[in-house]
Structures are given as C-alpha cells and as structure tokens.
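Overview (structure and organization)
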Amino acid sequence: LKMSWFCFYLPLHLLMAACLCHSIKAPTTSSQQSFKTDLFNFYHSLILADGKETTIHLLKDIPKRYYFVLEEGRALTPFTITVTPCDVPIEWSILVHKASASFLEKAAQGDHDTQEVSRSQKAPSMVSTIFNYKGNSVETYMGMSSHTALYMLEFLSTERDTHITVYLTTDTTSGHLYPELPMDPRIDVIGIGHTTVTLTWKHSPSVLQHRENIQYCLLVNEKHNYKSLCAAETAIRSSGMKLPPTLTLSLSPYLLEPQQVMILSNSELSIINKASSGEVRQICMGTKNTYTVPNLSPSTQYYFDVFVVNLLTNASAAYTGTFARTLEEPEPKVMELKDGKVIQVVLDGKKQKFYSLQYQARHKKIQFTFQLCRGQVRVHITKNDKTVALENISGLRSFSLKGKLLDTYLVQLRSTEESNSSVKVQVSPHFHKPLFPLLPESLKIKSFSKLRTCNSVTIAWLGTQEESKYCVYKKRIEEDQVWMELQSVDRCSGPESRHKSEKVLCKYFYDINLQRAVTTETIKGLDAGTLYLFDVYLFGPSGIPVRYHSKVVKTRKKC
C-alpha cells in the first residue's frame with residue numbers, strides 16, 4: 001500500500017482516522033460519520049494557533065509536529081513564525097505540502113467523499129522544505145503564500161527534554177506581540193569601576209511608540225549570556241531556585257521564594273536569586289536605556305543581557321548580550337595602631353576581604369585585645385612576617401606577646417560570615433592599665449524556672465574577685481522578635497544605647513572566693529505570660545562595659 005507524505009509524517013496513534021483515506025476501500029456510508037468526526041478532531045488538535053504564543057514541551061530524540069493551513073482569499077498571504085528555545089539547542093524546520101490542504105479542510109468541514117479520496121491519492125506529492133535551523137537563538141521566519149497550502153513545523157531536541165515557545169501570525173498589520181529591537185541591538189559598556197559597570201543601549205522602536213506598555217529589564221550573572229528571557233529563567237530554575245513568572249518583571253504582585261531578595265528603589269525593581277553557583281540579578285528600570293550596575297565584586301567577570309518586555313503580553317526580545325570585568329581592588333590601606341587607643345573595625349562579610357592593622361612595638365611585652373561586637377571574626381597576627389596568632393574569636397580575647405623593640409606586628413581581620421562583622425581592637429604594653437575589666441569564667445545569665453511567677457523573674461550571673469559595677473536592663477519583646485534581637489545585638493554597645501525605661505538597677509559586688517562570686521536579682525513588676533530580654537553590663541576601672549550574653553525569659557501565664 002502506497003502512503004502519501006502526509007500520513008508518513010503524522011503520528012499513527014493520532015491519525016488513524018486521517019490515514020483511512022489511503023486504505024483500499026473508501027469509508028462505507030455507516031462509517032463515514034465516524035471518519036469525519038475523527039478527522040475533524042485531528043484537524044483542530046494539531047493545528048498551530050494563529051496570533052497566539054504556544055508553549056511546546058519536547059522529549060529527547062522524539063520529534064514533535066504542528067500544522068497550519070494558509071487559505072486562498074487574497075493574492076498573497078504573509079505569515080511569520082518565531083521560535084524561542086528555552087534551554088538547549090534544538091532543530092526545527094518548515095515543510096509545505098500544497099496538495100493536501102484543500103482535502104484536509106474539506107474533510108474537516110464534512111465535504112469528504114470517496115471520489116475526493118481517490119483524487120487525493122492520485123495527486124502528485126508536492127512536498128518541499130522551505131526552512132530549517134539548528135541552535136538556541138530566537139529565530140523568525142517570514143514567508144508569503146499565494147495559494148492554499150498545508151504547512152508542517154517539526155521540532156527535535158537531541159540533548160535532553162526541554163521546552164520552546166512558538167508564535168505564528170498571519171496578521172502583519174496590527175501591533176507586534178514581541179517588542180521590536182533597534183537596527184543595532186548591541187549593549188555598550190561605557191564605564192567600569194571596582195564594583196560598578198555602566199551600560200547603555202539604543203532604544204527599542206516599541207518604547208518610542210508604546211512607552212507606557214514597554215520596559216527594559218537587565219539580567220546580570222557570572223556564568224554566560226542568555227539569548228532569551230525564558231532561557232535565563234530555565235537555567236536559574238535548574239540551579240535549584242524558583243523564579244517568578246515573566247509577569248513579575250512588570251512589577252505585578254507575587255511571592256518571593258526564600259532564596260530571593262527583592263529591592264525596590266527609585267522606581268527600579270531588583271530581584272536577586274541566590275544559588276550555590278552564584279547569584280543572578282534581574283533589574284527592571286522602566287524605559288531608561290543607560291544603567292549603572294552597583295554592588296559588584298572587584299576583579300570579577302560579569303555577563304549582561306537586556307530584554308525589552310511588553311507588559312501587556314509578557315513577550316520579550318533580547319538585545320545582544322555583552323560582558324565586562326570589574327577592576328581589581330587596590331591594595332588595602334594599612335592602619336597604624338597606637339598604644340592604648342581603641343579602634344572599631346567593620347568587616348564586609350560578602351567580599352570576605354582582610355582589614356589590616358600595623359603596630360611597631362615600643363616595648364618587649366605587648367598585649368592585643370579584641371572585643372567582638374557582632375558576627376564572627378578571624379584574627380591573624382604576624383611578627384616580622386611570621387605568624388604568632390591565628391584564631392576565630394568570640395566575645396573578648398587577649399593575646400600577650402613577647403619580642404624585641406621595634407618589632408613590626410601586622411594584624412589581619414576577616415569576617416567568617418556572609419553578613420558584616422564588627423570588632424574593637426586595642427594594643428598596649430603588657431604593664432599598661434587594662435582596657436577591659438577582669439572577666440568572670442562565664443558571661444552567661446542564668447534564670448530559675450521554679451522561681452518564675454506571673455510578675456517576677458529571678459536571674460543570676462558570675463562576678464569576679466575585683467569590685468565592679470553591674471547594671472541590669474530589661475526589654476519586653478514578642479515571640480517572633482527573639483531570633484532577630486539575639487542575632488542583631490551589638491555586644492560592644494553599652495547602656496548608653498538603651499532607653500532609660502529599660503534600666504532595672506545597678507549594683508557593686510565581688511568576692512575573694514570565686515566559688516561564691518555569684519549574685520542573684522529578682523526583677524518584679526512584670527506582665528504575666530510575657531517574654532522579656534535581660535542584659536547585664538559589667539564596668540571596670542576604665543569605664544568601658546562588657547555585655548553578658550542576653551537572656552530571654554517568659555513569665556508564667558497563670559499563677
């Protein structure tokens with residue numbers, strides 16, 4: 001049995017009805033209605049919609065085919081087809097079969113008969129490939145037809161499962177679904193700094209015509225350029241993140257995922273997607289065609305893609321991406337330390353760079369003292385280029401060192417967390433009056449659960465053999481504030497940062513016997529079933545306070 005091109009290419013399980021036209025016997029009167037119904041369903045299920053963007057999912061090595069018919073009615077029928085790969089390169093082609101269109105159309109309308117089938121079988125096959133492409137770029141085919149014809153689009157992915165979008169239109173007089181690109185779609189780099197890159201691009205004609213419905217969105221990443229917005233979103237999702245749909249680029253409401261950060265300032269929307277492989281930033285800046293990308297890392301190569309987005313349809317067009325490398329960061333300045341002087345250093349956790357301090361010894365014995373204010377800090381001390389101390393510090397830490405006169409000490413500090421850290425530093429001769437008070441073995445505050453009431457709490461803390469001043473403060477907090485209060489506390493800040501109403505009392509005490517150097521205090525006048533944050537400050541001879549670890553206690557709800 002000789003089969004035509006049409007039945008050879010269409011999937012058998014979808015076209016059983018259509019392929020009956022090639023059987024030796026024509027459909028009988030009793031089966032004609034069933035034949036027409038099946039053919040009608042096939043015709044309308046595989047026809048590519050005109051004027052609508054269609055998302056097509058492709059399985060690896062399995063071709064997928066869609067069809068459309070151009071009918072007679074005018075001398076020339078223009079049409080365009082735009083295919084956007086959203087991941088890996090694909091193969092796609094357009095074939096035309098001029099003999100089958102009229103038959104299919106009449107069959108779908110119910111005009112099928114045996115003579116028509118016979119004529120279709122005898123018609124010479126007029127199949128031709130008019131376009132084919134392989135790659136991952138957005139491609140548009142523009143054609144013109146002067147007669148009725150059946151067109152077939154065949155898509156194939158040979159690398160892995162993927163998806164694409166296809167847009168067919170025969171209406172070239174109305175507005176475009178996709179925004180237009182300028183004649184020169186390149187992005188120009190007009191400025192490079194240590195942490196910034198300035199870009200500019202030519203305006204899209206769509207922006208000039210429909211300013212209120214069009215905006216530019218910029219994508220910044222450290223891996224490579226993307227040829228379409230859907231390709232970028234697919235790559236980000238595959239790295240373990242969830243992206244909001246393209247509609248979010250038009251500032252529509254949506255919920256951010258935990259690994260996303262949204263920044264909205266000066267009418268610009270910036271979405272930062274964090275993943276193990278780096279971060280991807282989406283920045284939408286309205287219709288401005290010049291933008292300075294901030295907060296980049298020095299000496300790092302970045303890739304920049306600009307998309308012009310239609311806010312009404314969410315369709316987008318990609319400019320030709322570019323890349324640039326930020327300038328190397330200059331060598332950090334080394335700050336000189338002076339005897340007895342305290343300095344506070346804030347360390348950038350994101351950049352993970354060292355902060356350097358230098359000291360030239362005027363005594364053989366010296367002491368470096370570090371008070372951690374926030375975060376975690378790694379301390380590296382060298383003497384004449386040889387390491388003498390290397391440690392991650394927490395709380396208060398001193399290093400007593402011996403050397404020669406005029407020895408050069410270099411202190412390097414670095415945050416070990418992604419968030420910023422802060423630390424106070426002092427260097428002094430070993431015999432110098434100590435900056436910080438004598439500390440107890442532990443800076444923890446203890447509460448007694450059995451002594452809790454509806455309006456009072458009893459706390460205790462350790463003292464020392466040196467008479468010192470202790471001040472107690474309380475603060476009422478909500479349950480959802482506990483984590484933030486404990487994480488954001490500045491352990492170097494003293495009572496001067498507290499509200500006067502939070503002060504409970506101040507007292508002096510000490511004990512020569514360290515086993516008995518413990519004091520307790522019952523704080524009264526509290527509300528039932530309420531969380532309180534308690535702090536104790538220890539003051540030494542220099543007047544600089546040391547803050548105990550904060551303690552959260554909840555009063556009893558019923559007594």
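See above for the structure.
These remarks concern the structure in this document. All values reported here derive from a predicted model rather than from experimental measurement.

Rules and cut-offs
- What you see as residue numbers is a count from 1 along each chain, following the sequence as written.
- Given that the model is predicted, a residue must reach a pLDDT of at least 70 before its local features are reported, and side-chain atom pairs must reach 80 or more before they are shown or counted; all residues, however, enter totals for whole chains, interfaces and linings.
- As a convention, hydrogens and water are excluded, and side-chain values are obtained from all of the structure's heavy atoms.
- Note on conventions: DSSP H or I runs of at least 4 residues are helices, E runs of at least 2 residues are strands, and numbering of each starts at the N terminus.
- Exposure is judged per residue with a 1.4 Å probe applied to protein chains only, and the accessible area is read against the type maximum: over 50% gives exposed, under 20% gives buried, and values in between give partly exposed.
- Between two residues, a contact is recorded if the distance between any of their heavy atoms is within 4.5 Å.
- For accessible areas, the Shrake-Rupley method is used with a probe of radius 1.4 Å. Any residue's cover is judged against the shown protein chains and nothing else.
- Note on pairing: DSSP must find at least two bridges between two strands before they are called paired.
- Note on geometry: axes are lines fitted to C-alpha atoms, helical ones only across the stretch in contact, with angles between N-to-C directions running from 0 to 180 degrees.
- Pairs of cysteine sulfur atoms within 2.5 Å are what we label disulfides.
- Throughout this description, the term salt bridge denotes a Lys or Arg side-chain nitrogen within 4 Å of a carboxyl oxygen of Asp or Glu.
- Stacked, edge-to-face and tilted labels apply to pairs of Phe, Tyr and Trp rings (six-membered ring for Trp) whose centres lie within 6.5 Å, assigned for plane angles under 30 degrees, over 60, and everything in between, in that order.
- Throughout this description, the term charge over a ring refers to an Arg CZ or Lys NZ atom that lies within 6 Å of the ring centre and within 35 degrees of the ring normal.
- Residues qualify for a patch when their relative accessible area is over 30% and they have no salt bridge, like charges being joined within 9 Å and the nonpolar side chains of Val, Leu, Ile, Met, Phe, Trp and Tyr within 5 Å.
- Put simply, buried Ala, Val, Leu, Ile, Met, Phe, Trp, Tyr and Cys residues joined by side-chain atoms within 4.5 Å make one nonpolar core.
- Under the rule applied, a polar contact is a pair of N or O atoms within 3.5 Å (in protein, one hydrogen donor and one hydrogen acceptor; residues adjacent in sequence only if both atoms are side-chain atoms).

**So, the overall build of the protein chain**
Counting its regular elements, the protein chain contains seven helices and 35 strands. Here the protein chain holds 559 residues, and the buried ones make up 44% of them. Partitioning the contacts of the protein chain with sequence separation of at least 6, the portion at a separation of at least 24 is 75%. When the accessible surface of the protein chain is split by element, carbon and sulfur atoms take 51% of a total near 29700 Å².

**Details of the sheet that holds strand β10 (residues 197-201)**
Paired through their backbone hydrogen bonds, the strands of a sheet run either parallel or antiparallel. In space, the three strands of this open sheet follow the order β9-β10-β15, with antiparallel pairing throughout. A strand with exactly one partner marks an edge of an open sheet, and here the two such strands are β9 (187-192) and β15 (290-293). On average, each strand axis in the sheet is tilted by 25° relative to the strand beside it, whichever way the strands run. Examined bridge by bridge, β9 and β10 share five bridges and lie antiparallel to one another. If you follow D188 over to β10, its bridge partner there is T200.

**Overview of the state of the cysteines**
Considering all chains together, one arrives at five disulfides under this definition. With its sulfur 2.1 Å from that of its partner, C217 forms a disulfide with C284. With the S-S bond torsion at 105°, the cross-link from C217 to C284 turns out right-handed. Residue C217 is found in strand β11 (residues 214-221), and its partner C284 is found in strand β14 (residues 278-284); the two are separated by 67 residues along the sequence. Across the disulfide, C471 is cross-linked to C506 (sulfur-sulfur distance 2.0 Å). Between C471 and C506, the S-S dihedral sits near 110°, and the bridge is therefore right-handed. Separated by 35 residues along the polypeptide, C471 in strand β30 (residues 468-477) and C506 in strand β31 (residues 503-509) bring together distant segments of the chain. Overall, the relative accessible area of 3% leaves C471 in the buried class. Shown here for the protein chain is a disulfide pattern of 1-3, 2-4, 5-8, 6-10, 7-9, where each number marks a bonded cysteine counted in sequence order.

**Here we look at the pattern of salt bridges**
Tallying each qualifying case throughout the model produces 14 salt bridges. Across the salt bridge formed by R498 and D535, the nearest N and O atoms sit 2.8 Å from each other. Placement of R498 in the loop between α7 (482-488) and β31 and of D535 in strand β33 (residues 531-539) is noted, with a sequence separation of 37 residues between them. Owing to a relative accessible area of 14%, R498 belongs among the buried residues under this scheme. Residue D535 is classed as buried on the basis of its relative accessible area, which comes to 0%. Put simply, R498, E502, D535 and R547 are held in one network by salt bridges that share partners.

**Regarding the packing of aromatic side chains**
Taken as a whole, this structure holds 19 aromatic pairs when the rule is applied. For the ring pair W461 and Y470, a centre distance of 6.3 Å and an interplane angle of 45° mean the geometry is tilted. Across from the ring centre of F399, 4.3 Å away, lies the NZ or CZ of R397, which sits over that ring. Across from the ring centre of F539, 5.5 Å away, lies the NZ or CZ of K469, which sits over that ring.

**Points about the pairing of β30**
Here six bridges tie β30 to β31, and the two strands are oriented antiparallel to one another. Paired with S468 across the two strands is F509, which belongs to β31.

**Side note on a nonpolar patch on the surface**
Taken together, the side chains of V189, I192 and L327 define a hydrophobic patch exposed on the protein surface, amounting to about 210 Å² of accessible area. Within the secondary structure, V189 is located in strand β9. Exposure remark for V189: the relative accessible area of 31% places this residue in the partly exposed category.

**Quick look at the side chain of S468**
Here S468 lies in strand β30. Residues in contact with S468, not counting those within four places in the same chain, are K507, Y508, F509, L538 and F539.

**Topic: the nonpolar core**
Residues F368, F370, I381, L413 and V423 are the most contacted members of the largest nonpolar core, which totals 24 residues. When contributions to this core are tallied by element, the ones reaching two or more residues are β20 (342-347), β21 (355-360), β22 (365-374), β23 (377-383), β24 (386-393), β25 (396-402), β26 (408-415) and β27 (421-429). With four residues, β22 is the single largest residue contributor to this core. With near-sequence residues (within four places) excluded, F368 lies in contact with L337, Y359, I381, R397, S398, F399, L401, Y409, V411, Q426 and V427. Core analysis: the second largest hydrophobic core is formed by 23 residues, L48, I94, L153 and I164 among them.

**Describing the side chain of T464**
If you trace the backbone, T464 turns up in the loop between β29 (457-462) and β30. T464 gets classed as buried once you look at its relative accessible area, which sits at 2%. Of the polar contacts made by the side chain of T464, one reaches the backbone oxygen of E466; its length is 3.1 Å. What T464 contacts, discounting residues up to four positions off in sequence, is L438, L439, P440, Y470, Y510, D511, L514 and A517.

**Notes on the sheet that holds β29**
The strand order β28-β29-β32 describes an open sheet built from three strands, whose pairing is antiparallel. Two strands lie at the open edges of the sheet, namely β28 (446-447) and β32 (518-523), each paired on one side alone. As paired elements, β29 and β32 share six bridges and run antiparallel to each other. Of the residues in β32, the one forming a bridge with W461 is T519.

**Details of unusual backbone geometry**
Across residues other than glycine, the phi torsion is negative in most instances, and most of the peptide bonds are trans. Positive phi is not limited to glycine here, since N384 has a value of about 55°. Relative to the elements of secondary structure, N384 occurs in the loop between β23 and β24. Judged by its relative accessible area of 40%, N384 is partly exposed. Even without a glycine there, the phi angle at D385 is positive, about 75°. Counting through the fold element by element, D385 comes out in the loop between β23 and β24. Overall, the relative accessible area of 77% leaves D385 in the exposed class.

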